[in-house]
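Observations on the three-dimensional arrangement
The chain contents come next:
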Amino acid sequence: DLLIVDKPAPLSCQRSPRQSLPTLENRLAAHFADPQFVFRPLNRLDKGTSGLMAVAKHAHSYQLYQKLLHTDRFVREYLAVVEGRVEGGFTVDAPIAKVDEASVRRTVDLQNGKPSVTHVSSEGFFGGFSLVRLRLETGRTHQIRVHLSHIGHPIVGDFLYGREDARLPGRFALHSARIRIDTAEKQIDLSSPLPTELLQLIEGR
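Everything numeric in this text was worked out from a predicted model, so none of it was measured.

1. With respect to the overall build of the chain
- What the chain contains, in helices and strands, is four helices and 11 strands.
- Here the chain has a C-alpha radius of gyration of 17 Å; the compact-globule value for 205 residues is 17 Å, and the two agree.
- Contacts in the chain between residues far apart in sequence, at least 24 positions, make up 62% of those at least 6 positions apart.

2. Digging into the layout of surface pockets
- Computed from the structure, the largest pocket encloses a volume of approximately 1200 Å³.
- Every residue lining the largest pocket is counted, 36 residues in all, and those nearest its centre are Leu45, Asp46, Lys47, Thr141 and His142.
- Listing elements by their share of the lining of the largest pocket, those giving two or more residues are helix 2 (59–66), strand 4 (74–83) and helix 3 (143–150).
- With three residues, the top contributor of residues to the lining of the largest pocket is helix 3.
- Its residues assigned to classes, the lining of the largest pocket shows 14 nonpolar, 14 polar and eight charged.

3. Quick notes on the nonpolar core
- By size, the foremost hydrophobic cluster in this structure holds 43 residues, and its most contacted members are Leu134 and Ile155.
- Of all the secondary-structure elements, those providing two or more residues to this core are helix 1 (24–32), strand 3 (50–56), strand 4, strand 9 (129–136), helix 3, strand 10 (174–182) and helix 4 (196–202).
- Excluding residues within four positions of it along the chain, Ile155 makes contact with Ala80, Val81, Val82, Ile144, Arg145, Leu148, Phe172, Ala173 and Leu174.
- Among the nonpolar cores identified, the runner-up in size contains 12 residues, and Leu2, Ala56, Ile179 and Ile181 belong to it.

4. A short note on unusual backbone geometry
- Of note, the amide linkage connecting Ala9 to Pro10 takes the cis form, showing an omega dihedral of 0 degrees.
- Relative to the assigned elements, Pro10 resides in the loop between strand 1 (2–7) and helix 1.
- One non-glycine residue, His142, adopts positive backbone phi at about 60 degrees.
- What makes His142 buried here is its relative accessible area of 11%.

5. Quick notes on the side chain of His175
- Its place among the elements puts His175 in strand 10.
- Side-chain polar atoms of His175 contact the side chain of Ser50, separated by 2.7 Å.
- Apart from the residues lying within four places of it in its own chain, the contact partners of His175 are Asp6, Thr49, Ser50, Gly51, Glu77, Tyr78, Leu79, Ser192, Pro193, Leu194, Pro195 and Leu198.

6. Topic: the packing of aromatic side chains
- For the structure on display, the rule yields one aromatic pair.
- Taken together, a centroid distance of 5.9 Å and an interplanar angle of 20 degrees make the contact between Phe32 and Phe37 stacked.
- Its end group placed over the ring of Phe159, Arg145 keeps NZ or CZ at 5.8 Å from the ring centre.

7. Concerning the pattern of salt bridges
- Under the criterion given, the structure shown has 12 salt bridges.
- The salt bridge partner of Arg133 is Glu123, with a shortest N-O separation of 3.5 Å. Taken as a pair, Arg133 in strand 9 and Glu123 in strand 8 (residues 117–126) lie far apart in primary sequence, 10 residues in all.
- Taking the relative accessible area as the measure of exposure, Arg133 reaches 25% and is therefore partly exposed.
- Overall, Glu123 belongs to the partly exposed group, its relative accessible area being 39%.

8. What about helix 1?
- Among the residues of helix 1, Leu24, Glu25, Asn26, Leu28 and Ala29 are the ones counted as buried.
- Residues of helix 1 that are buried make contact with strand 1 and strand 3.
- In the stretch just after helix 1, Ala33 is the one whose phi turns positive, near 50 degrees.

9. Considerations on the side chain of Ser130
- Among the secondary structure elements, Ser130 is positioned in strand 9.
- Given a relative accessible area of 0%, Ser130 falls into the buried group.
- In this structure the side chain of Ser130 is engaged in a polar contact, spanning 2.6 Å, whose partner is the backbone oxygen of Gly84.
- Excluding its chain neighbours within four sequence positions, the residues that come into contact with Ser130 are Ala80, Val81, Val82, Gly84, Arg85, Val86, Gly124 and Phe125.

Parameters at a glance
- Residues numbered from 1 in each chain as written.
- Predicted model: local features only at pLDDT ≥ 70, side-chain atom pairs only at ≥ 80, totals over all residues.
- Heavy atoms only, no water.
- Helix = DSSP H or I, 4+ residues; strand = E, 2+ residues; numbered from the N terminus.
- Rg over C-alpha atoms; globule rule 2.2 N^0.38 Å.
- Contact = heavy atoms within 4.5 Å.
- 1 Å grid on protein atoms, 1.4 Å probe; cavity = no way out; pocket = protein on both sides within 12 Å on 5 of 7 lines; lining within 4 Å.
- Points joined across faces, edges and corners; volume = space filled by probe spheres on them.
- Nonpolar A, V, L, I, M, F, W, Y, C, P; charged D, E, K, R; others polar.
- Core = buried A, V, L, I, M, F, W, Y, C linked by side-chain atoms within 4.5 Å.
- Buried < 20%, exposed > 50% of the residue type's maximum accessible area, 1.4 Å probe, protein only.
- Polar contact = N/O pair within 3.5 Å; in protein donor to acceptor, adjacent residues only side chain to side chain.
- Phe/Tyr/Trp six-rings, centres within 6.5 Å; stacked < 30°, edge-to-face > 60°.
- Lys NZ or Arg CZ within 6 Å of the ring centre and 35° of its normal.
- Salt bridge = Lys/Arg side-chain N within 4 Å of Asp/Glu carboxyl O.

So, in C-alpha cells, the structure goes:
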C-alpha cells in the first residue's frame, strides 16, 4: 500500500517539461519495471531537500493516506541547519502566499496568505549555525524555508530565501528526518539520520 523513500539531494521528485532526468519518479518507475506505474507522492520534497517521503502504491491507498496528511496521525519532522542562534521551542504561525504568478518564490503575507504553521525546537548551537527540529502542521509550498527566513534564520545554502553555500552544491541544509503514520491497523515510525554533508556543517568541517 505504501512506500517510504529516503530521497537524496539534489534530486527532483517529479518529471515535468522543464525537468530532465533523473527524477525520483523515474527511479521508482525503473525499480518497479511497470509501464503503467503512476507516481503518487503523499508529501513532496524540494530538489534541494533530502530525506523521507511517503509514496502511495495505488489510488486507493493514496486516497486513504491523503485524509491523514494534515492530522496528528501523519507526523512529518525535519532537521535544518540555520544561520544564527535559535533557542528553545516556539511556533511560527504566519500565512504564506506566492510573491507573484510568474515566480516560484513564496512570502509571508498577513492579508492574502494561506494559514501556515510550523513548530520549531532547537537542537543546539554550533559556531554560527543552529540545528533545529521542525514539525509541520500545514503543508504550504516552501513553508519551512519561508518561515525560517521570515524569523531571521534562513536555512544554510538556501539560494532562494537566504544565500548559497559552496559546501552544499545543488542542495540546502534541510532534511526530512522522520515520518510517523498511525492507521487503525498499525503505526509506521521511520527516521533518517542527518546526511554527512549537513553533519560536517555543524562540526565545522
